[in-house]
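As a plain string of letters, each chain reads:
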Amino acid sequence: MTVPHASTRALCDMARSLGCVGVELRNDLAGQPFDGLAPESAKGAATEAGLAILGLAEMKAFNRETPARLHEAQGLMSQAAACGAKGIALIPAVADAPQPREMQRRDLRTALLALQPLLEAHGLIGLIEPLGFPNSTLRHKEDVVAALEDIGDPACFSIVHDTFHHCLAGGGSVYADRTAIVHVSGVTDPDVTIEEMTDAHRVLVDTGDRLDNIGQLRALIADGYAGPISFEAFAPEIHDLTDPTAALAGSIAFITQQLQEETAGAA
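From a predicted model like this one, the values you see are computed outputs, not experimental measurements.

Draft legend 1. Inspection of the environment of E196 at higher detail. Looking at where E196 falls in the secondary structure, it is placed in the loop between strand 6 (179–184) and helix 7 (213–222). Through-space distance from the C-alpha of E196 to that of F133 is 9.4 Å; in sequence the pair is 63 residues apart. Apart from residues no more than four positions distant in its own chain, E196 is found in contact with D191 and H201.

Written as structure tokens, this is what we have:
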């Protein structure tokens with residue numbers, strides 16, 4: 001999402017040049033998820049670059065369990081398995097009005113039970129990403145943990161910690177041991193309130209960040225997280241960058257320096 005105009009091969013080359021461990025591919029961008037490549041060719045491009053395909057996004061409204069949703073899930077899982085992705089992103093619906101949390105948990109349990117055998121058959125992880133928007137039908141990671149415990153904690157599900165959505169949902173426990181991937185993006189607009197923030201405000205993380213990305217990452221690491229951290233910037237000005245590699249390198253350097261300073265201070 002951060003470089004939506006890049007081809008799969010260009011994305012892999014960029015990720016390799018930045019020292020990344022992997023990439024995430026999406027099915028909701030023009031020409032995606034593989035811009036005309038067969039899934040097996042996308043797998044080859046990542047392998048040649050020494051990268052993993054960490055996830056294939058996304059199954060929208062996954063917690064609206066209907067035959068159409070399950071058919072869509074089957075197709076996405078087949079693509080993910082063919083390209084060697086580790087999992088698929090499961091994105092909840094955004095409703096017209098806020099929903100009670102017990103309803104959110106009930107709908108989540110129903111969807112997870114329907115998706116579990118499909119994920120297990122494909123050897124994939126369902127990457128559950130709560131959305132912090134007020135009208136999201138799944139806002140809080142606590143509700144994901146509760147639903148997973150209710151159905152016996154199947155190994156085919158993990159959580160996505162998204163720093164933007166974690167902030168919008170009011171924070172809370174980070175559940176590092178249940179987290180498979182972390183999404184980072186910053187909001188630097190000084191005038192927008194948290195309640196007014198949308199995907200269009202999400203830029204790269206720098207000194208102007210208002211979401212406390214560094215604090216969230218420190219909390220995750222302190223809780224034992226050692227997995228991948230992936231950029232997910234939706235802002236048009238990021239998509240229009242003429243040199244996204246340099247911009248990403250700068251944000252990576254900023255985040256790394258901040259985390260290293262914390263480690264040095266604690267030593």
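Draft legend 2. Main features of the packing of helix 1 (residues 8–17) against helix 2 (residues 39–48). Close contact between helix 1 and helix 2 brings their axes to 9 Å; oriented N to C, the two are set at 20°. In terms of orientation, helix 1 and helix 2 fall into the roughly parallel class. When the axes of helix 1 and helix 2 are compared, the crossing they make is right-handed. Counting all contacts with helix 1, which are made through T8, R9, C12 and R16, the residues of helix 2 involved are S41, A42, A45, A46 and E48. When its residues are assigned to classes, the contact of helix 1 with helix 2 shows 4 nonpolar, 2 polar and 3 charged.

Draft legend 3. Broad picture of unusual backbone geometry. Each neighbour pair has its own omega, and for A57 with E58 the value is 5°, a cis peptide bond. If you check the backbone angles, D35 has positive phi at about 40° while not being a glycine. The topology assignment puts D35 in the loop between strand 1 (22–26) and helix 2. Here Y175, not a glycine, exhibits a phi torsion of approximately 55°, which is positive. Along the polypeptide, Y175 turns up in the loop between helix 6 (163–168) and strand 6. For Y175, a relative accessible area of 21% translates into the label partly exposed.

Draft legend 4. The side chain of R26, seen in detail. Looking at where R26 falls in the secondary structure, it is placed in strand 1. You can call R26 buried: its relative accessible area is 7%. One polar contact links R26 to E232, side chain to side chain, over a distance of 3.2 Å. Setting aside its immediate chain neighbours within four residues, R26 contacts M1, Q32, P33, L56, A57, E58, E232 and F234.

Draft legend 5. Spatial organisation of the environment of A30. Tracing the backbone shows A30 in the loop between strand 1 and helix 2. The class of A30 is exposed, set by a relative accessible area of 75%. Between the alpha carbons of A30 and S17 there is a distance of 24 Å; along the sequence they are 13 residues apart.

Rules used throughout
- Residues numbered from 1 in each chain as written.
- Predicted model: local features only at pLDDT ≥ 70, side-chain atom pairs only at ≥ 80, totals over all residues.
- Heavy atoms only, no water.
- Helix = DSSP H or I, 4+ residues; strand = E, 2+ residues; numbered from the N terminus.
- Contact = heavy atoms within 4.5 Å.
- Axes fitted to C-alpha atoms, helices over the stretch in contact; angles between N-to-C directions.
- Parallel < 35°, antiparallel > 145°, perpendicular 65-115°, else oblique.
- Left-handed = near helix turned anticlockwise from the far one by under 90°.
- Nonpolar A, V, L, I, M, F, W, Y, C, P; charged D, E, K, R; others polar.
- Buried < 20%, exposed > 50% of the residue type's maximum accessible area, 1.4 Å probe, protein only.
- Polar contact = N/O pair within 3.5 Å; in protein donor to acceptor, adjacent residues only side chain to side chain.

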